[in-house]
Amino acid sequence: MKPNDFIAVLSEMPDNLKSRLDSLSDEQLRFKPDGGYFSILENICHLQDIEIEGYGVRLQRLLTEQHPRLPDLNGGQLALERRYNEQKLQPALDAFIHARYTNLRILESVTKTQLARSGFLEPIGEITLGRLLELWVEHDQGHIRELEKLRAAIREPHLTDKPEPSLSLGSA
Ligand code: NI
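In this text, all values refer to a predicted model and were calculated from it rather than measured experimentally. (Residues numbered from 1 in each chain as written. Predicted model: local features only at pLDDT ≥ 70, side-chain atom pairs only at ≥ 80, totals over all residues.)

Participant: Any chance you could explain the overall build of the protein here in plain terms?
Facilitator: Along its length, the protein carries nine helices and three strands. What you see in the protein, going N to C, is helices and strands ordered as α-α-α-α-β-α-α-α-β-β-α-α. Relative to the compact-globule value of 16 Å for 172 residues, the protein shows a C-alpha radius of gyration of 16 Å, a close match. Here the C-alpha coordinates of the protein stretch approximately 50 × 30 × 25 Å along the principal axes. Counting all 172 residues of the protein, 26% fall into the buried class. (Helix = DSSP H or I, 4+ residues; strand = E, 2+ residues; numbered from the N terminus. Rg over C-alpha atoms; globule rule 2.2 N^0.38 Å. Buried ≥ 20, exposed ≤ 12 C-beta atoms within 10 Å, placed from the backbone.)

What follows is the structure in structure tokens.
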């Protein structure tokens, strides 16, 4: 994919999320399958925090600093500390969407030269801004898959195809 394609895919995320949150009860939003999985609400809170404190910060620092060292964010730990499953959905979703559009406005003015700007992202290693865009899209897609599986698990609790815990609990 070209940089513009990544930007186009990232811009689809708000609608991709909204369409998967329709007609879910509060109880369904907070439903957590056994085994340490995120609920749908926890996924949205996670996406909000990672958009702002993860990708938004990484984007800014790669653009403005010489070879920044970018710390990992522990998604599972944040979910516990910030009590994601006790939050309200709409403010988290709104904050995610606002942050995504803010980041997209910055991305739209990024030049080809800037895509080669580099840094060190823990625990992955050396990255460029171009590579960060790939990781960003992969992160979106992983959580969309997780939401799909959660929706299936809510409809059919005996389903065995549960979300991978690593999607939620691993590196953000
Ligand atoms: Ni994640």
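Participant: Explain the sheet that holds strand β1 (residues 69-70) here, please?
Facilitator: Think of a sheet as strands paired side by side through backbone hydrogen bonds, with each pair either parallel or antiparallel. In space, the three strands of this open sheet follow the order β1-β2-β3, with mixed pairing throughout. In the strand order of this sheet, the two ends are held by β1 and β3 (125-128), each with one partner. Sheet topology note: the β1/strand β2 (residues 118-121) ladder contains two bridges and is parallel. When the sheet's bridge partners are listed, Leu70 is paired in β2 with Leu121. (Pairing = 2+ DSSP bridges.)

Participant: Honestly, the packing of helix α4 (residues 40-64) against helix α6 (residues 89-108) in this entry has me stumped. Any pointers?
Facilitator: Helix packing for two helices is described by the angle between their axes and how far apart those axes are. Following both chains from N to C, one finds α4 and α6 inclined at 25°, their axes separated by 9 Å at the closest point. It follows that α4 is roughly parallel to α6 by the angle criterion. α6 is crossed by α4, and the crossing has left-handed handedness. Across from Leu41, Ile44, Cys45, Leu47, Gln48, Glu51, Ile52, Tyr55, Gly56 and Leu59 in α4, the residues of α6 making contact are Leu89, Ala92, Leu93, Ala95, Phe96, Ala99, Arg100, Asn103 and Ile106. (Axes fitted to C-alpha atoms, helices over the stretch in contact; angles between N-to-C directions. Parallel < 35°, antiparallel > 145°, perpendicular 65-115°, else oblique. Left-handed = near helix turned anticlockwise from the far one by under 90°. Contact = placed C-beta atoms within 7 Å.)

Participant: Please clarify how unusual backbone geometry should be interpreted in this entry.
Facilitator: Both trends apply: most residues other than glycine have a negative phi, and most peptide bonds are in trans. At the junction of Glu122 and Pro123, the peptide bond is cis and its omega measures out at -10° in the coordinates. Within the element layout of this structure, Pro123 appears in the loop between β2 and β3. Phi at Ser23 is positive, roughly 55°, even though this residue is not glycine. Assignment of secondary structure puts Ser23 in the loop between α2 (13-21) and α3 (26-30). The exposed category is assigned to Ser23, around which 5 C-beta atoms lie within 10 Å. A positive phi angle is found at His67, which is not glycine, with a value near 45°. Mapping His67 onto the fold places it in the loop between α4 and β1.

Participant: What is the right way to read the pairing of β2 from this model?
Facilitator: On a regular strand, each side chain points to the face opposite its neighbour's, so the side chains alternate between the two faces of the sheet. Two strands pair when backbone bridges link them, and β2 and β3 are joined in this way by four bridges, in the antiparallel orientation. Across the sheet, the residue bridging to Leu121 is Gly125, located in β3. Where β2 folds back on β3, the antiparallel hairpin that results is connected by three residues.

Participant: Any chance you could explain the packing of helix α1 (residues 3-11) against α6 here in plain terms?
Facilitator: Contact pair α1 / α6: the axes reach a minimum separation of 10 Å and the direction vectors enclose 165°. Put simply, α1 runs roughly antiparallel to α6. Relative to α6, α1 is oriented so that their crossing is left-handed. Across from Ile7, Leu10 and Ser11 in α1, the residues of α6 making contact are Arg100, Leu104, Leu107 and Glu108. Across the contact of α1 with α6, the residue classes break down as four nonpolar, one polar and two charged. (Nonpolar A, V, L, I, M, F, W, Y, C, P; charged D, E, K, R; others polar.)

Participant: I tried to follow helix α8 (residues 129-155) on my own but got confused; where do I start?
Facilitator: Under the 1.5 Å per step criterion, the end-to-end length of α8 is 39 Å for 27 residues, consistent within 8% with the ideal 39 Å. Buried within α8 we find Leu129, Leu132, Leu133, Trp136, His139, Asp140, His143, Glu146, Leu147, Leu150 and Ala153. (Expected span 1.5 Å × (residues − 1).)

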